[in-house]
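In case you want the letters, here they are:
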Amino acid sequence: MPALNVTTPSLLFASCNNPLMPFSPSISGLWSSMVEQSPAGFVWAGDAVYGDRMDFHGRFSRPTRVQATAQVLSDLYSSILGPSNPYYPLPSAYHLGTLDDHDLGANNGDGSFELSRNGVSNEAFVDFIERSNEGYYAGGGGEGGEDAVKERSRRSKGVYGVKVFDFDDGGRVHHEPREGGFPAGAGGGGRTVAVFFLDCRTNKDPWPRGFDFDGGKGAGLDFLGAEQWEWFEASLKASTAHVNLVVNGLQVLSQNRVPNGNLAEDWEKFPQAKERLLEAAMGSGARNVVLVSGDVHMAQLMGVRCRRRGGGGGAEEALYELTTSGITHSWGTFFSPDPRQRKLWYFPYMRWCSAAFMDLAHWAMPWKEVIRGEGGELKYSTSLNYAKFDFEGLPEKFTAEVRGPGGEVLVSHDFFDTGRREPSAEGEKWDCEPAGGQVMWHELLFGYVVCGAFILFVVMAPVVLYCIGPVVVGAIVLGEGWRRYVVGCIM
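Attention in this report is confined to the structure presented alongside it. Bear in mind the structure is a predicted one, so any value in this text is a computation, not a measurement.

**Points about the packing of aromatic side chains**
- For the structure on display, the rule yields 41 aromatic pairs.
- Arranged with centres 5.4 Å apart and planes meeting at 90°, the rings of Trp-345 and Tyr-346 form a pair that is edge-to-face.
- Classification of Trp-345 by relative accessible area gives exposed; the value is 64%.
- Exposure remark for Tyr-346: the relative accessible area of 30% places this residue in the partly exposed category.

See below:
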């Protein structure tokens with residue numbers, strides 16, 4: 001089993017995997033393609049499992065969300081490692097990553113969730129990662145044992161840490177010491193890659209209720225917690241790696257999504273936390289920082305242009321984020337992770353609506369942070385997907401690709417070495433704006449009107465007709481008695 005002598009100096013990232021979803025040819029093809037890449041590492045960007053579920057009680061009843069238990073999480077992780085998925089764990093890869101809300105066990109979960117407070121979700125995920133790496137260690141990939149990530153999970157502090165892949169040394173993995181901090185002896189060669197994985201759930205504040213159009217409700221609220229912030233800022237500043245990838249479950253650079261964290265989650269809704277993360281990425285002095293995220297059931301390449309605040313800010317500098325989300329479900333195949341919905345007779349229509357809506361949203365909404373290609377096309381995909389970072393070209397450049405079920409490249413971008421940035425001075429701030437420029441109010445209004453009309457007339461109208469159609473037809477054709485009978489059954 002290859003571990004150190006990997007075929008390619010590359011890392012794969014993926015998220016949003018429901019092991020209860022039927023193992024379709026597309027899902028099988030996606031996993032098979034991952035194995036064929038022979039990566040040095042495989043990184044979970046959140047939602048390796050879906051511990052919570054939605055219970056439906058009939059056509060006219062409101063569904064209820066059922067949160068996970070410790071046993072449910074354990075069973076789901078075991079199912080990924082079982083015979084139902086012959087491709088996982090990836091035979092060449094060291095596995096790592098962090099959790100998101102469904103790994104935590106509650107939709108949109110945060111630090112108030114019981115399994116988050118008592119550390120059950122943390123330990124279940126870390127145990128899953130350890131089991132995923134049993135073959136790696138057995139194949140000569142080094143030794144396991146206690147490290148800082150496991151120690152934090154035991155103390156219910158979160159699943160976060162850093163690993164360094166040294167491609168000057170055959171892809172050897174350097175681990176964070178138990179006391180924390182950037183791995184000692186990781187080296188500063190031109191082919192070293194650090195993967196920082198952040199936990200945006202265990203210490204997260206709950207989302208405010210209702211809509212928040214100016215970010216006021218999220219003022220002062222946080223994702224990471226004081227201890228994780230202190231660790232991350234110090235560790236990133238100490239990094240000697242040539243490339244620094246920072247992964248967490250939620251999108252950081254996204255803007256102008258639904259202004260309600262209970263409906264659409266991202267870092268924009270906690271503006272001070274987002275600003276702090278951007279300042280850490282830009283002002284740490286770390287080399288070639290790229291953000292990676294999951295959650296949204298599609299892939300996007302986003303970017304912002306940043307400048308040091310105040311007069312002598314110097315040249316404009318770019319920060320990019322690659323989102324990869326959708327191992328078992330995506331907007332293009334139907335956004336919901338619930339396999340039961342795929343058995344409904346009207347599922348083909350809803351699948352079409354899912355894909356059409358997200359394509360329409362990319363056309364109508366002023367998502368100017370999404371990068372455009374040379375031909376003006378937006379770099380996104382609604383297909384099932386995973387991301388591959390290829391470091392063959394280091395130290396001059398490295399490449400990020402989003403790949404689909406057949407291994408086809410859906411999105412691609414080359415990153416050229418930017419050199420080591422000058423660290424920010426004490427109290428220095430950065431100003432960042434979307435790569436495509438500032439958003440005007442009329443552009444946002446147009447996008448909301450177009451997307452709202454699609455939801456109202458294309459999605460909701462047929463649903464309403466399906467629900468009330470029998471009542472209307474029965475009342476007209478069979479008379480008032482039929483109407484009273486049907487309404488009585490519903491009520």
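**What to know about the pairing of strand β15 (residues 397-403)**
- With respect to burial, β15 is a largely interior element, six of its seven residues being buried.
- Of the pairings in the sheet, the one linking strand β14 (residues 386-390) to β15 comprises five bridges and is antiparallel in character. Bridge pairing in β15 places Lys-388 opposite Glu-401.
- Bridging between β15 and strand β16 (residues 409-416) involves seven bridges; their strand directions are antiparallel. From the neighbouring strand, Phe-398 faces β16, where its bridge partner is Phe-415.
- Between β15 and β16, which pair antiparallel in sequence order, lie five residues; one of them, Gly-407, sits at a positive phi of approximately 85°.

**Thoughts on the sheet that holds strand β2 (residues 41-45)**
- Here we have six strands laid out as an open sheet, ordered β5-β2-β1-β14-β15-β16, and mixed in their pairing. Strand pairing shows two members of the sheet lacking a second neighbour, β5 (94-98) and β16, which therefore form its edges. When the angles between neighbouring strand axes are averaged without regard to direction, this sheet yields 20°.
- This element, helix α5 (residues 120-132), spans β2 and β5 of the sheet and lies at about 165° to β5.

**Brief notes about a nonpolar patch on the surface**
- A cluster of nonpolar side chains, namely Phe-211, Phe-213, Val-258 and Leu-263, defines an oily patch on the protein surface of about 450 Å² accessible area.
- With respect to the helices and strands, the residue Val-258 is situated in the loop between β9 (243-247) and α9 (271-283).

**Section: the packing of helix α2 (residues 70-81) against α5**
- At a minimum axis separation of 10 Å, α2 and α5 run at an interaxial angle of 15°. One element, α2, and the other, α5, form an angle in the roughly parallel class. At the point where α2 passes α5, the crossing takes the right-handed sense. Here α2 contributes Ala-70, Leu-73, Tyr-77, Ser-78, Ile-80 and Leu-81 to the contact with α5, which in turn contributes Val-120, Ser-121, Ala-124, Phe-125, Phe-128, Arg-131 and Ser-132.
- When its residues are assigned to classes, the contact of α2 with α5 shows nine nonpolar, three polar and one charged.

**With respect to unusual backbone geometry**
- The omega torsion of the bond from Tyr-88 to Pro-89 falls at 0°, within 30 degrees of zero and hence cis.
- For Pro-89, the position within the fold is in the loop between α2 and β5.
- In the segment running from Leu-394 into Pro-395, the intervening peptide bond is cis, with an omega of 10°.
- Its place among the elements puts Pro-395 in the loop between β14 and β15.
- In this model, Cys-16 sits at a positive phi of 65°, which is unusual for a non-glycine residue.
- Looking at the secondary structure, you find Cys-16 in the loop between β1 (10-14) and α1 (25-36).
- Here Cys-16 falls in the buried class, since its relative accessible area comes to 0%.

**Section: the layout of surface pockets**
- By volume, the second largest pocket is sized at about 690 Å³.
- Looking at the second largest pocket, it is lined by 28 residues, and the ones nearest its centre are Gln-255, Asn-256, Glu-268, Pro-271 and Lys-274.
- Split by residue class, the lining of the second largest pocket holds 13 nonpolar, four polar and eleven charged.

**Re the pattern of salt bridges**
- The full count for this structure, using the stated rule, is 29 salt bridges.
- Across the pair Glu-151 and Arg-155 runs a salt bridge whose closest N-O atoms are separated by 3.8 Å.
- The exposure class assigned to Arg-155 is partly exposed, which follows from its relative accessible area of 39%.
- One salt bridge in this structure joins Asp-338 and Arg-340, with 2.7 Å as the shortest N-O distance.
- On the basis of relative accessibility, which here comes to 38%, the residue Arg-340 falls in the partly exposed class.
- Salt bridges sharing common partners tie together Glu-151, Arg-155, Lys-157, Arg-178 and Glu-227.

**Considerations on empty space enclosed by the protein**
- In total, this model carries one cavity of 30 Å³ or more according to the counting rule given.
- Volume-wise, the largest cavity comes out at about 50 Å³.
- Around the largest cavity, the lining residues are Trp-207, Pro-208, Gly-210, Asp-212, Gly-218, Pro-259, Asn-260, Gly-261, Lys-269 and Phe-270.
- Partitioning the lining of the largest cavity into residue classes produces four nonpolar, four polar and two charged.

**Thoughts on the packing of helix α8 (residues 226-238) against α9**
- Relative orientation of the contacting elements α8 and α9 amounts to 20°, with a least axis distance of 10 Å. One element, α8, and the other, α9, form an angle in the roughly parallel class. From α8, Trp-229, Phe-232, Glu-233 and Leu-236 reach across to α9, where they touch Ala-273, Arg-276, Leu-277, Ala-280 and Ala-281.
- Across the contact of α8 with α9, the residue classes tally to seven nonpolar, no polar and two charged.

**Considerations on the state of the cysteines**
- Overall, the coordinates contain one disulfide when judged by the stated rule.
- Here Cys-200 is not cross-linked by a disulfide; its sulfur's nearest cysteine counterpart is in Cys-16, at 12 Å.
- Among the residues examined, Cys-200 registers a relative accessible area of 0% and is labelled buried.

**Remarks on α8**
- In this model α8 runs 18 Å from its N-terminal to its C-terminal C-alpha over 13 residues, within 8% of the 18 Å that 1.5 Å per residue would give.
- Of the residues making up α8, those classed as buried are Gln-228, Trp-229, Trp-231, Phe-232, Ser-235 and Leu-236. Projection of α8 onto a plane perpendicular to its axis shows the buried side chains occupying an angular sector of 165°, all on one side. Projecting away from the buried face of α8 at angles above 90 degrees are the exposed residues Ala-226, Glu-230 and Lys-237.
- The elements touched by buried residues of α8 are α7 (148-154), β6 (161-166), β8 (192-197), β9 and α9.

Reading the values: rules and limits
- Residues numbered from 1 in each chain as written.
- Predicted model: local features only at pLDDT ≥ 70, side-chain atom pairs only at ≥ 80, totals over all residues.
- Heavy atoms only, no water.
- Phe/Tyr/Trp six-rings, centres within 6.5 Å; stacked < 30°, edge-to-face > 60°.
- Buried < 20%, exposed > 50% of the residue type's maximum accessible area, 1.4 Å probe, protein only.
- Helix = DSSP H or I, 4+ residues; strand = E, 2+ residues; numbered from the N terminus.
- Pairing = 2+ DSSP bridges.
- Axes fitted to C-alpha atoms, helices over the stretch in contact; angles between N-to-C directions.
- Contact = heavy atoms within 4.5 Å.
- Patch = residues over 30% accessible without salt bridge, like charges linked within 9 Å, V, L, I, M, F, W, Y side chains within 5 Å.
- Areas by Shrake-Rupley, 256 points an atom, 1.4 Å probe, with all protein chains shown as cover.
- Salt bridge = Lys/Arg side-chain N within 4 Å of Asp/Glu carboxyl O.
- Parallel < 35°, antiparallel > 145°, perpendicular 65-115°, else oblique.
- Left-handed = near helix turned anticlockwise from the far one by under 90°.
- Nonpolar A, V, L, I, M, F, W, Y, C, P; charged D, E, K, R; others polar.
- 1 Å grid on protein atoms, 1.4 Å probe; cavity = no way out; pocket = protein on both sides within 12 Å on 5 of 7 lines; lining within 4 Å.
- Points joined across faces, edges and corners; volume = space filled by probe spheres on them.
- Disulfide = S-S within 2.5 Å.
- Expected span 1.5 Å × (residues − 1).
- Arc of directions from axis to C-beta.

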